[in-house]
Amino acid sequence: MTGPRSVADRLCLQGILYVLHNDVAWQLLPLECGFGSGQTCRRRLERWQKAEVFEQLHRILLAELNASGELDWSRACVDGSHIRAKKGGADTGPSPVDRRKTGSKHHLICDGHGTPLKVITAAANVNDVTQTLALVDSIPPVAGRPRARRDGPVGLDPVSASCHAEVAAFRQRHLIVMADDK
């Protein structure tokens with residue numbers, strides 16, 4: 001006696017993307033789409049996250065872009081966003097927006113063309129400048145053609161480096177903090 005046939009990875013990925021794109025609950029994933037159940041897709045997503053499948057895919061895509069000269073290493077842009085963390089977790093803290101609720105921040109660093117290089121999650125009450133340094137330090141090594149040797153520092157745009165220690169840390173990494181254009 002055999003159990004039900006496993007849903008193909010491609011169909012599960014389509015189901016995951018459907019849920020994320022349409023902002024529906026897992027249990028509301030329509031079975032008639034053929035992606036399998038929401039529970040199946042959610043479990044597959046969790047398995048892939050534990051296996052770091054998406055991190056590996058990101059590195060492969062960055063290598064392809066780098067090999068074709070599509071990454072702009074001369075400038076980087078950093079941004080972050082607050083999100084509610086209803087169920088709590090390791091990377092949560094009091095939200096600066098509403099201290100009664102827990103939250104997290106997603107921090108993102110992109111190259112000069114806007115290609116994401118790294119995303120990290122931190123508690124909502126963690127200083128953005130310290131996370132900027134963590135972002136810069138955590139950019140994965142990118143295969144492909146070697147980067148051109150830099151004669152000068154790379155611009156990091158925008159970030160508010162109000163503390164002298166953070167500014168010194170940026171300079172140590174040969175980064176220039178550029179003002180916001182707002």
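Quick caveat, the model's predicted, so the values are computed rather than measured. (Residues numbered from 1 in each chain as written. Predicted model: local features only at pLDDT ≥ 70, side-chain atom pairs only at ≥ 80, totals over all residues. Heavy atoms only, no water.)

### Quick notes on helix α2 (residues 38-50)
Then step 1. Here α2 spans 18 Å end to end across 13 residues, near enough to the 18 Å set by a 1.5 Å rise per residue.
Then step 2. Residues of α2 that are buried include every one of Gly38, Thr40, Cys41, Arg44, Leu45 and Trp48, and no others. Each buried residue of α2 lies within a common arc of 160 degrees when the element is viewed along its axis, so the set occupies one face. Residues of α2 that are exposed and point more than 90 degrees away from the buried face comprise Arg47 and Lys50. (Helix = DSSP H or I, 4+ residues; strand = E, 2+ residues; numbered from the N terminus. Expected span 1.5 Å × (residues − 1). Buried < 20%, exposed > 50% of the residue type's maximum accessible area, 1.4 Å probe, protein only. Arc of directions from axis to C-beta.)

### Topic: the pattern of salt bridges
Then step 1. A complete count under the given rule lists two salt bridges for this structure.
Then step 2. The shortest N-O distance in the salt bridge between Asp9 and Arg44 comes to 2.5 Å. Of this pair, Asp9 sits in helix α1 (residues 9-22) while Arg44 sits in helix α2, and the two are 35 residues apart along the sequence.
Then step 3. Overall, Asp9 belongs to the partly exposed group, its relative accessible area being 45%. (Salt bridge = Lys/Arg side-chain N within 4 Å of Asp/Glu carboxyl O.)

### Some words on the side chain of Thr115
Then step 1. Relative to the assigned elements, Thr115 resides in the loop between β3 (102-111) and β4 (116-123).
Then step 2. For Thr115, a relative accessible area of 18% puts it in the buried group.
Then step 3. In this structure Thr115 touches Leu62, Leu65, Leu71, Ile109 and Cys110, once residues within four positions along its chain are discounted. (Contact = heavy atoms within 4.5 Å.)

### Thoughts on a nonpolar patch on the surface
Then step 1. The grouping of Leu13, Leu17, Leu20, Val53, Phe54, Leu57 and Leu61 at the surface amounts to a nonpolar patch, some 590 Å² of accessible area in total.
Then step 2. If you list the elements that add at least two residues to the nonpolar patch, you get α1 and α3 (53-67).
Then step 3. Top contributing element to the nonpolar patch by residue count: α3, with four residues.
Then step 4. Inspection of the secondary structure puts Leu61 in helix α3.
Then step 5. You can call Leu61 partly exposed: its relative accessible area is 47%. (Patch = residues over 30% accessible without salt bridge, like charges linked within 9 Å, V, L, I, M, F, W, Y side chains within 5 Å. Areas by Shrake-Rupley, 256 points an atom, 1.4 Å probe, with all protein chains shown as cover.)

### Focus on the confidence of the model for the protein chain
Then step 1. Counting all residues, the mean pLDDT for the protein chain is 79, and 70% of those residues have values of 70 or more.
Then step 2. Across residues 157-161 the pLDDT falls below 50, and counting only partners more than four positions away or on other chains, this stretch makes 19 contacts in the model. (pLDDT = per-residue confidence, 0-100.)

### Some details on unusual backbone geometry
Then step 1. Phi at Asp23 takes a positive value of approximately 50 degrees, unusual for a residue other than glycine.
Then step 2. The topology assignment puts Asp23 in the loop between α1 and α2.
Then step 3. Assessed through its relative accessible area of 71%, Asp23 is described here as exposed.
Then step 4. Despite not being glycine, Glu52 shows a phi value in the positive range, around 55 degrees.
Then step 5. Along the chain, Glu52 turns up in the loop between α2 and α3.

### Looking at the nonpolar core
Nonpolar side chains in soluble globular proteins tend to end up buried together.
Then step 1. Grouped together as the largest cluster of nonpolar side chains are eleven residues: Leu62, Leu71, Trp73, Ala76, Val78, Ile109, Leu117, Ile120, Leu135, Val136 and Val142.
Then step 2. Listing elements by their share of this core, those giving two or more residues are β1 (75-84), β4 and α4 (128-138).
Then step 3. In this structure, Phe35, Cys41, Leu45 and Trp48 belong to the second largest nonpolar core, which totals ten residues. (Core = buried A, V, L, I, M, F, W, Y, C linked by side-chain atoms within 4.5 Å.)

### Some thoughts on the packing of aromatic side chains
Each aromatic ring pair is specified by the distance between its two centres and by the angle formed by the two planes.
Then step 1. Enumeration according to the criterion identifies two aromatic pairs in this entry.
Then step 2. Taking the centre distance of 6.0 Å and the plane angle of 45 degrees together, the rings of Tyr18 and Phe35 count as tilted. Highlighted residues: Tyr18 in helix α1 and Phe35 in the loop between α1 and α2, separated in sequence by 17 residues.
Then step 3. Judged by its relative accessible area of 28%, Tyr18 falls in the partly exposed class.
Then step 4. Judged by centre distance (6.2 Å) and plane angle (75 degrees), the ring pair of Trp48 and Phe54 falls under edge-to-face. (Phe/Tyr/Trp six-rings, centres within 6.5 Å; stacked < 30°, edge-to-face > 60°.)

### Things to note about the pairing of β4
Then step 1. Alignment of β3 against β4, held across seven bridges, turns out to be antiparallel. Note that in β4 the partner of His107 across the bridge is Ile120.
Then step 2. A loop of four residues connects β3 with β4, the two strands running antiparallel in sequence, and Gly114 in this loop sits at a positive phi of about 95 degrees. (Pairing = 2+ DSSP bridges.)

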